[in-house]
Amino acid sequence: MRTTIHILIFLITGIHASFGKTTKADRGLSETRESPESQIGAFASLHGRITDSDANAIQGVSIVILGEERGVNSNGSGAYFLDKLPSGKVSVQASIMGYETQTVQIVLRPEENELNFSLEKEVVYLNSVTVVAQKREQQILDVPTAISVVGSDFIVRNNIVDLPQLSEFVPGLIINEQGANRPSFIIRGLTSEEVSPSAQPRVSVYFNSVPINRSSGASVSLFDMERVEVLKGPQNTLFGRGSEIGAIHFISKSPKNSTEGYLTAGFGSYNQKEIRGAVNVPIINNKLFVRASGIYDYRDGYVDNTFGGTLNGKNTTAGRLSFRYLPSKNHQLDLVMNYQHDDTPGIAFMSKQFPNTLGDTDIFQYRASLEQGNNLQTGKNIVDGTLSYRYFFNENTFLSSITSFRNVSSSSRWDGDGTAAPAIDMWDDAGADQFYQEIRYNYAVNSRLIGSAGISYWHENANQTYWFSPNEQSMAVLFFSPEYLIMPDGQPLLIPALPDDPNLGPIAGMPLAVFHKENNFSDAINYASEVFVDLTYSLTDNLFMNGGLRGAYENFYLKNQASFSDGSPSTLGFLTGNYPNLFFKVNPGDSISDDDLSLNGQIGLQYKFNEKQNVFVNYSNGRRPIVLQFTSAGTPEIIPSEQVDNIDAGIKSLIFGKVYVDLVAFYQKYNNFQTRAWIADSESGEFDYKTLDGGRATSYGSEITVNASILKGVNVYGNYAFLNATFDDTNEAGQEQEYAGNYFRLSPKHSFALGINAQTNLTSKIVAFVTPSYGYKSHFFFEDANSPGLEQPGFGLLNVNLGFELTKPKLILSFYGTNLLNEQYIISAGNTGSLFGVPTFVPGPPRMFGAKLTWVFHSNPDN
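Residues numbered from 1 in each chain as written. Predicted model: local features only at pLDDT ≥ 70, side-chain atom pairs only at ≥ 80, totals over all residues. Heavy atoms only, no water.

**Structural notes on the overall build of the protein chain**
And then number 1: Helices and strands together make up the secondary structure of the protein chain, namely 6 helices and 52 strands.
And then number 2: Counting only C-alpha atoms, the protein chain reaches 105 × 65 × 50 Å along its principal axes.
And then number 3: Of all 863 residues assigned to the protein chain, the portion counted as buried reaches 57%.
And then number 4: In the protein chain, the proportion of contacts linking residues at least 24 apart, taken out of those at least 6 apart, comes to 67%.
And then number 5: Here the protein chain displays about 32,700 Å² of accessible surface, and carbon together with sulfur accounts for 57% of that area.
And then number 6: Of the side chains in the protein chain, 63 bear a positive and 87 a negative charge, and the two mean positions are spaced by 10 Å. (Helix = DSSP H or I, 4+ residues; strand = E, 2+ residues; numbered from the N terminus. Buried < 20%, exposed > 50% of the residue type's maximum accessible area, 1.4 Å probe, protein only. Contact = heavy atoms within 4.5 Å. Areas by Shrake-Rupley, 256 points an atom, 1.4 Å probe, with all protein chains shown as cover. Lys, Arg positive; Asp, Glu negative; His and termini not counted. Charge placed at Lys NZ, Arg CZ, Asp CG, Glu CD.)

**With respect to the pattern of salt bridges**
And then number 1: Counted by the stated rule, this structure contains 26 salt bridges.
And then number 2: Glu 703 is the partner of Arg 188 in a salt bridge, and the nearest nitrogen-oxygen pair spans 3.0 Å. You can see Arg 188 sitting in the loop between strand 13 (184-187) and strand 14 (190-192) and its partner Glu 703 sitting in strand 42 (residues 697-711), a full 515 residues away along the chain. For the pair formed by Arg 188 and Glu 703, the shared burial category is buried. (Salt bridge = Lys/Arg side-chain N within 4 Å of Asp/Glu carboxyl O.)

**Here we look at the sheet that holds strand 16 (residues 210-212)**
And then number 1: Spatial ordering of the open sheet is given by 11-17-18-15-16, a layout of 5 strands whose pairing is mixed. Each end of this open sheet is capped by a strand with a single partner; those strands are strand 11 (147-151) and strand 16. Taken over all neighbouring pairs, the strand axes of this sheet differ in orientation by 20° on average, direction set aside.
And then number 2: Pairing between strand 11 and strand 17 (residues 225-232): 5 bridges, direction antiparallel. (Pairing = 2+ DSSP bridges. Axes fitted to C-alpha atoms, helices over the stretch in contact; angles between N-to-C directions.)

**Let's talk about the environment of Gln 629**
And then number 1: Relative to the elements of secondary structure, Gln 629 occurs in strand 36 (residues 627-630).
And then number 2: Spatially, the C-alpha atoms of Gln 629 and Pro 197 are 8.2 Å apart, while their sequence positions differ by 432 residues.

**Quick look at a nonpolar patch on the surface**
And then number 1: Among the surface-exposed residues, Leu 539, Ile 603, Leu 605, Val 617, Tyr 619, Ile 647, Tyr 667 and Tyr 700 lie close enough to one another that they form a single nonpolar patch of about 690 Å² accessible area.
And then number 2: Those elements that provide at least two residues to the nonpolar patch are strand 34 (587-610) and strand 35 (613-624).
And then number 3: Relative to the helices and strands, Tyr 700 is located in strand 42. (Patch = residues over 30% accessible without salt bridge, like charges linked within 9 Å, V, L, I, M, F, W, Y side chains within 5 Å.)

**Section: the confidence of the model for the protein chain**
And then number 1: The share of residues in the protein chain with pLDDT of 70 or more is 91%, and the mean pLDDT across the chain is 87.
And then number 2: Note that residues 1-41 has pLDDT below 50 and, in this model, 61 contacts with residues that lie over four places away or in other chains. (pLDDT = per-residue confidence, 0-100.)

**Here's the deal with unusual backbone geometry**
And then number 1: Following Tyr 579, the chain continues into Pro 580 via a peptide bond in cis, with omega recorded as 10°.
And then number 2: Mapped onto the fold, Pro 580 is located in the loop between helix 6 (573-576) and strand 34.
And then number 3: For the bond from Lys 808 to Pro 809, the omega torsion is -10°, close enough to zero to count as cis.
And then number 4: The residue Asn 271 is not glycine, and still its phi comes out positive at about 60°.

**Description of helix 5 (residues 472-480)**
And then number 1: A large share of helix 5 lies buried, amounting to 7 of its 9 residues.
And then number 2: Those residues of helix 5 that fall on the buried side of the exposure criterion are Glu 472, Gln 473, Ser 474, Met 475, Ala 476, Val 477 and Leu 478.
And then number 3: Where helix 5 is buried, its residues meet strand 31 (449-468) and helix 6.
And then number 4: The backbone nitrogen of Gln 473 lies 2.9 Å from a side-chain oxygen of the residue at the head of helix 5, namely Asn 471. (Polar contact = N/O pair within 3.5 Å; in protein donor to acceptor, adjacent residues only side chain to side chain.)

**Some details on the packing of aromatic side chains**
Any two aromatic rings considered together are summarised by their centre-to-centre distance and by the angle between their planes.
And then number 1: A complete count under the given rule lists 29 aromatic pairs for this structure.
And then number 2: Judged by centre distance (5.9 Å) and plane angle (70°), the ring pair of Tyr 670 and Phe 744 falls under edge-to-face. Within this pair, whereas Tyr 670 is found in strand 39 (residues 659-671), its partner Phe 744 is found in the loop between strand 43 (714-727) and strand 44 (750-761), the two being separated by 74 residues in sequence. Each member of the pair, Tyr 670 as well as Phe 744, is classed as buried.
And then number 3: For the ring pair Phe 727 and Tyr 739, a centre distance of 5.5 Å and an interplane angle of 70° mean the geometry is edge-to-face. Remark: Tyr 739 occurs in the loop between strand 43 and strand 44 and Phe 727 occurs in strand 43; sequence separation between them is 12 residues. (Phe/Tyr/Trp six-rings, centres within 6.5 Å; stacked < 30°, edge-to-face > 60°.)

**Observations regarding the nonpolar core**
And then number 1: Core analysis: the biggest nonpolar cluster contains 53 residues, and Val 303, Ile 424, Phe 468, Met 475, Leu 478, Leu 485 and Phe 836 have the highest contact counts within it.
And then number 2: Listing elements by their share of this core, those giving two or more residues are helix 5, strand 48 (795-806), strand 50 (826-830) and strand 51 (840-843).
And then number 3: With 4 residues, the top contributor of residues to this core is helix 5.
And then number 4: Setting aside anything within four residues of it in sequence, one finds Phe 468 in contact with Ala 423, Ile 424, Asp 425, Met 426, Met 475, His 516, Lys 517, Glu 518, Leu 582, Phe 583 and Phe 584.
And then number 5: One finds Ile 187, Leu 222, Ala 677 and Ala 697 within the second-largest nonpolar core, a separate group that totals 37 residues. (Core = buried A, V, L, I, M, F, W, Y, C linked by side-chain atoms within 4.5 Å.)

**Description of the side chain of Lys 652**
And then number 1: For Lys 652, the position within the fold is in strand 38 (residues 642-655).
And then number 2: It turns out Lys 652 is buried and unbridged, and the closest side chain with the opposite charge, Asp 662, is 4.1 Å from it.
And then number 3: At a separation of 2.5 Å, a polar atom in the side chain of Lys 652 contacts the main-chain carbonyl oxygen of Val 143.
And then number 4: What Lys 652 contacts, discounting residues up to four positions off in sequence, is Ile 140, Leu 141, Val 143, Thr 145, Ile 147, Lys 612, Gln 613, Asn 614, Phe 616, Tyr 660, Val 661 and Asp 662.

**Describing the pairing of strand 20 (residues 272-284)**
And then number 1: Judged from the 9 bridges that link them, strand 19 (residues 260-268) and strand 20 form a sheet pairing that is antiparallel. Note that in strand 20 the partner of Phe 267 across the bridge is Lys 273.
And then number 2: Where strand 19 folds back onto strand 20 in an antiparallel hairpin, the turn is made up of 3 residues, including Tyr 270, whose phi is positive at roughly 55°.
And then number 3: When strand 20 meets strand 21 (residues 288-299), the two strands line up antiparallel, connected through 11 bridges. Counted as the bridge partner of Glu 274 is Asp 297 from strand 21.
And then number 4: Count of turn residues in the strand 20/strand 21 antiparallel hairpin: 3 residues, of which Asn 286 carries a positive phi of about 65°.

**Observations concerning the sheet that holds strand 13**
And then number 1: The antiparallel open sheet is built from 3 strands, whose spatial order is 12-13-14. Edge positions in the sheet fall to strand 12 (173-176) and strand 14, since each has one partner strand and no second. Adjacent strand axes in the sheet meet at a mean angle of 20° when their direction is disregarded.
And then number 2: Direction of pairing for strand 12 relative to strand 13: antiparallel, over a ladder of 4 bridges. The residue of strand 13 that forms the bridge with Ile 175 is Phe 185.

**Quick word on the side chain of Arg 157**
And then number 1: Tracing the sequence through the fold places Arg 157 in helix 2 (residues 152-157).
And then number 2: Side chain to side chain, Arg 157 and Gln 759 meet in a polar contact 3.2 Å long.
And then number 3: Look past the residues within four positions of Arg 157 in its chain and what remains in contact with it is Asn 757, Gln 759, Phe 769, Thr 771, Asn 801 and Glu 805.

**Considering the pairing of strand 4 (residues 79-85)**
And then number 1: With respect to burial, strand 4 is a largely interior element, 6 of its 7 residues being buried.
And then number 2: Judged from the 5 bridges that link them, strand 1 (residues 44-52) and strand 4 form a sheet pairing that is antiparallel. Counterpart to Gly 48 in the pairing with strand 4 is Tyr 80.

Structure below.
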């Protein structure tokens, strides 16, 4: 690996030199200047910095030489660089959404030239949106793909504190989170979940440019965020092999050269308590900055358990420490360290079929009877550190390195039958150590060819343990007469021994174990080496071609063992063939391994009518790697890699500088679709939740986002997504598929969101604001099998956040309400109980209220 890195650096240096980037006159960050006499006949270069009226840097500003096929975007420091320009008079235009466009004429000398811009906000404006989706700072309007962004101001104004809330504002995205450690990210109908430690995601989740390949580590707390970027469609070339159908990039706030911060305290329904804050301090002016932030977020569960405690609560403590060091103009060093600890109540898996101990079968009474009481829990720990380094050849060309280590551990104990019966008591422990190294060269050649190329290496040690402990006197009822699991008074029926039935042979009348414990342990080693390139080339002033390739070599190793660990041997194990265990056949240890070599690509065209309107069309292919797994009977299986071909086309337009419209349509074709299923076969002894090859599938749809500033201080926004995602009738061999015509799970055909962000000055120092929003999803199923009853009818959620802001000192008092219409909906259905015909359901949160007080401080007394 080290040799490969040295070769890459050598090649990059050679490429850089071949394009004439090595003279001091061409380096916009060089502190020395050659004499004009030495540059007679040379090309001119132009560099500068873009700021707002308060001297704050603006990134992503489009800098264009009018009449030339030349242009760049300002970087994260607001700086830009253009080289190999003709000498003489030119017109330079700086533009970005939300600011007045400026055009300046300048006479370029055959040497380095400097031109700075100070942009003014438009009177009625949309907030500018800058992204790094293509690994460089750009306006969202310029990115030729389907992308949505939720920025820090929007997060705060709409009181977005949970991942499911976030997804309401992104068309085509659903985030389903029933506990603290297993969120499901669904983009255009494709769900990213793992049922094996070797399985890799379909939706790649990144945190500050580092991939998170375990769903347990992707449940991040949304504090002190700069923005969240969501890219839809295959993104393998830019975001790695795990981005089969999209990528979600969480970007935290970076340290900067100012003393500022905030502190928020809040309270709300169900004993809600929240404290969050951040402080940013320059240690050495213009050289070394530090930012510290953290959150404590607690709420009792909204479901009461008659056996003690509550369910579906929150208890998060998290912190982040970030450093930025600028030893010279050419160097930037960033260190970010994160910690998050969740220790929450268990998940309310509830039965609709059987009553609780109070006689209720209505789960929306929010009262469960799960016999383990306070023993039920979910939790996780995340510790990570990321060191990033950039060496700037000029403002728009740089070499970067990202080195990251991440440790994630999670646990969950749940009641699988959803009743007072001690039948299905389960525990899951999972952990992963991940290392990631990336070296990338971002280049801008003559400002016509812009892109990046590099290599990366990822390594993971992952493990997962399932612990199962049934009381067989209750489990036997599920085997023989599941309809009698619970009596009308909510109490469980217990059978002390097997029936004295001659058909049972020698085990007839045998006593059933009250306490039995068995384990299933899996250990995986996964690693991948990747090489990638992505570019955008200006064919004409208006026509741009973009494309990319990523090659990956992956290796997976999975070891599995199962044991009888405590209590009495399972009598029912004689029936399943797994004695002395019931579910997991004793296995002293077996392993499988495999590797995979892949090449994925993307190519597209973008036509810009002008700086504010463009259209694009793309073709891309994506894949999810092979999955290694063991059945509960100890049989090894390798599921082939899933493939998708994607075509999308879209329009992006900024109308009169006040209305932003983003419309995209897509068509996707899948092969070897990796579905998941609950398998219960008493004859083979297999009781599993595993990945299956679902054959072929097709999805198509459209998404639209509109954001309009209709009056000063009044913004309206909305989005709509149409999705038709189904399994094909036949597989590649022409045979009818098991799920023929079924809809993808968690995939509503229609969804939309509407909202208003309005504020007005009550006095010269007091501002009032209100941000109501409404999100709707049509009917969807919870399983690819489309089982009747395991579905959610269409529903909508109305939320509001309102309050008052005092400008000096800056204090914000806000009041919020969620699910104001008290909509009754479920967030999970089926689950472990489906194995035995007793599915469970998790109710969504009821109506809640709360209030927050925020103090924002800044060293500048005028802010």
